[in-house]
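Residue-level structural notes
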There are 2 protein chains.
Amino acid sequence: MIGLEATVELRTFRYFVAVADAGSVNAAAQALHLTQPSLARQLHRLERRLGLPLLELRGGRTVLTEVGHQFLPYARALLATADATQVAARLLAANLRAEEQLTPEDETAA
Amino acid sequence: MIGLEATVELRTFRYFVAVADAGSVNAAAQALHLTQPSLARQLHRLERRLGLPLLELRGGRTVLTEVGHQFLPYARALLATADATQVAARLLAANLRAEEQLTPEDETAA
DNA sequence: CGAAGTTACGTCCTACGTAACGATT
DNA sequence: AATCGTTACGTAGGACGTAACTTCG
């Protein structure tokens, strides 16, 4: 254990899924408000991190490989969970503010 | 939509869970191979991002708040999913290498 | 007085944008 | 010739470490 898997972040997974949805790196970059070079670099880094060939050039266009398609649902599931986590945080925050409205100066209530 | 929720990354959630597990910022920092200042800063940033008071000082020690305890399972679930994603990637990579062993020069097989 | 946390400062690494090149249709 | 992708370069933001201060037990 040398420490080679340095934790892939959510951002990188979002990039990969964006390419899958958009159908090309160019379109995905526009959707993400990024430039092609930045996006392509992150994708390559993701492939190196995971040790998986996720994308390949087919007819001048970048499309998902076999393993890319296989991995896609896992990436989607992770992003969905991340989204749910953010939603949960927002609900807790709203809940907290509502309680503060009821007991402005008394945190020991109930 | 001004763009205030700039995507909280997995790393930050790991820090929060580490504090919950270790029982203090100091212990968590040691477990994460980090220093207290770095860890504390990330925790504060997380609270600001989420708009949630996750931690508080009680008796000279930093412990989880009420909402902190409520949010904890969501953070754990997210990290578990992230872990599963990594595992899936590793399995796909192993699978791919096994196939390559069987068909070294022929990717069109089957 | 000791321990834990916070704040302030400086440094390093990562991510991004711009520009130029190559490949494909 | 046009489009997509890649490579090279430079810059900006985020994360971390070190040091000094404050607070609680």
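Residues numbered from 1 in each chain as written. Chains lettered and ligands numbered in written order. Predicted model: local features only at pLDDT ≥ 70, side-chain atom pairs only at ≥ 80, totals over all residues. Heavy atoms only, no water.

1. Regarding the overall build of chain A
Along the backbone of chain A there are 4 helices and 2 strands. In chain A, which comprises 110 residues, the share counted as buried stands at 37%. Long-range contacts, defined here as pairs at least 24 residues apart, represent 51% of the contacts in chain A between residues at least 6 apart. In the structure as shown, chain A presents an accessible area of about 7100 Å², 53% of it carried by carbon and sulfur atoms. (Helix = DSSP H or I, 4+ residues; strand = E, 2+ residues; numbered from the N terminus. Buried < 20%, exposed > 50% of the residue type's maximum accessible area, 1.4 Å probe, protein only. Contact = heavy atoms within 4.5 Å. Areas by Shrake-Rupley, 256 points an atom, 1.4 Å probe, with all protein chains shown as cover.)

2. A closer look at the packing of helix α4 (residues 66–102) of chain A against helix α4 (residues 66–102) of chain B
Between α4 of chain A and α4 of chain B, whose axes approach to 10 Å, the crossing angle comes to 175 degrees. The orientation of α4 of chain A with respect to α4 of chain B, classified from their angle, is roughly antiparallel. Looking at the contact of α4 of chain A with α4 of chain B, its residues break down into 20 nonpolar, 6 polar and no charged. (Axes fitted to C-alpha atoms, helices over the stretch in contact; angles between N-to-C directions. Parallel < 35°, antiparallel > 145°, perpendicular 65-115°, else oblique. Nonpolar A, V, L, I, M, F, W, Y, C, P; charged D, E, K, R; others polar.)

3. Observations concerning the UniProt feature "domain: HTH lysR-type" (unreviewed entry) in chain A
With numbering aligned to this structure, UniProt lists the feature "domain: HTH lysR-type" (unreviewed entry) at residues 8–65 of chain A. A distance of 20 Å separates the end C-alpha atoms of residues 8–65 of chain A, which is 62% helix and 14% strand. (UniProt positions renumbered as here; feature names shortened; annotations may be inferred.)

4. As for the protein's contact with DNA strand C
Every one of the 22 residues lining DNA strand C counts as a neighbour, but Y15, S38 and R45 of chain A together with N26 and R41 of chain B are closest to it. Backbone atoms, meaning sugar and phosphate, make up 71% of the atoms of DNA strand C lying within 4 Å of the protein. Y15 of chain A places a side-chain nitrogen or oxygen 2.5 Å from a phosphate oxygen of DNA strand C. Between a phosphate oxygen of DNA strand C and a side-chain N or O atom of Q42 of chain A, the distance comes to 3.4 Å. Those elements giving two or more residues to the surface near DNA strand C turn out to be α1 (10–22) and α3 (36–50) of chain A together with α2 (25–31) and α3 (36–50) of chain B. Sorting elements by how many residues they give to the surface near DNA strand C places α3 of chain A first, with 5 residues. For the surface near DNA strand C, the per-class residue count stands at 7 nonpolar, 11 polar and 4 charged. (Near = heavy atom within 4 Å. Polar contact = N/O pair within 3.5 Å; in protein donor to acceptor, adjacent residues only side chain to side chain.)

5. Considering the protein's contact with DNA strand D
Near DNA strand D you find 24 residues, and of these N26 and R41 of chain A together with Y15, S38 and R45 of chain B are the closest. Taking the atoms of DNA strand D that fall within 4 Å of the protein, sugar and phosphate contribute 70% of them. A distance of 2.9 Å separates a base nitrogen of DNA strand D from a polar atom in the side chain of R41 of chain A.

6. A short note on the side chain of S24 of chain B
Residues and elements named next belong to chain B. Note on placement: S24 falls in the loop between α1 (10–22) and α2. One polar contact links the side chain of S24 to the main-chain amide nitrogen of A27, over a distance of 3.1 Å. Setting aside its immediate chain neighbours within four residues, S24 contacts V19, R61 and T62.

7. Quick look at the relation of the copies chain A and chain B
Of the two same-sequence chains, chain A is brought onto chain B (RMSD 0.1 Å, axial shift 0.0 Å) by a rotation of 180 degrees. In symmetry terms, the pair is related by a two-fold rotation axis. Both copies share a contact surface, since 100% of the interface residues of chain A are interface residues in chain B too. (Least-squares fit on C-alpha atoms with pLDDT ≥ 70 in both.)

8. Examining helix α2 (residues 25–32) of chain A
Residues and elements named next belong to chain A. Within α2, burial applies to V25, A28 and A29. Buried positions in α2, seen along its axis, are confined to an arc of 105 degrees and lie on one side of it. Away from its buried face, by an angle of more than 90 degrees, α2 presents the exposed residues Q30 and A31. Residues of α2 that are buried sit in contact with α1, α3 and β2 (61–64). With its phi angle positive at about 60 degrees, H33 sits one or two positions after the end of α2. (Arc of directions from axis to C-beta.)

9. Quick look at the nonpolar core
Within the largest apolar cluster, 56 residues are counted, with the highest numbers of intra-cluster contacts made by F16 and F71 of chain A together with F16 and F71 of chain B. For this core, the elements supplying multiple residues, two or more each, are α1, α2, α3 and α4 of chain A together with α1, α2, α3 and α4 of chain B. F16 of chain A has contacts with L43, L46, L54, L55, L64, G68, F71, L72 and A75 of chain A, leaving out every residue within four places of it along the chain. (Core = buried A, V, L, I, M, F, W, Y, C linked by side-chain atoms within 4.5 Å.)

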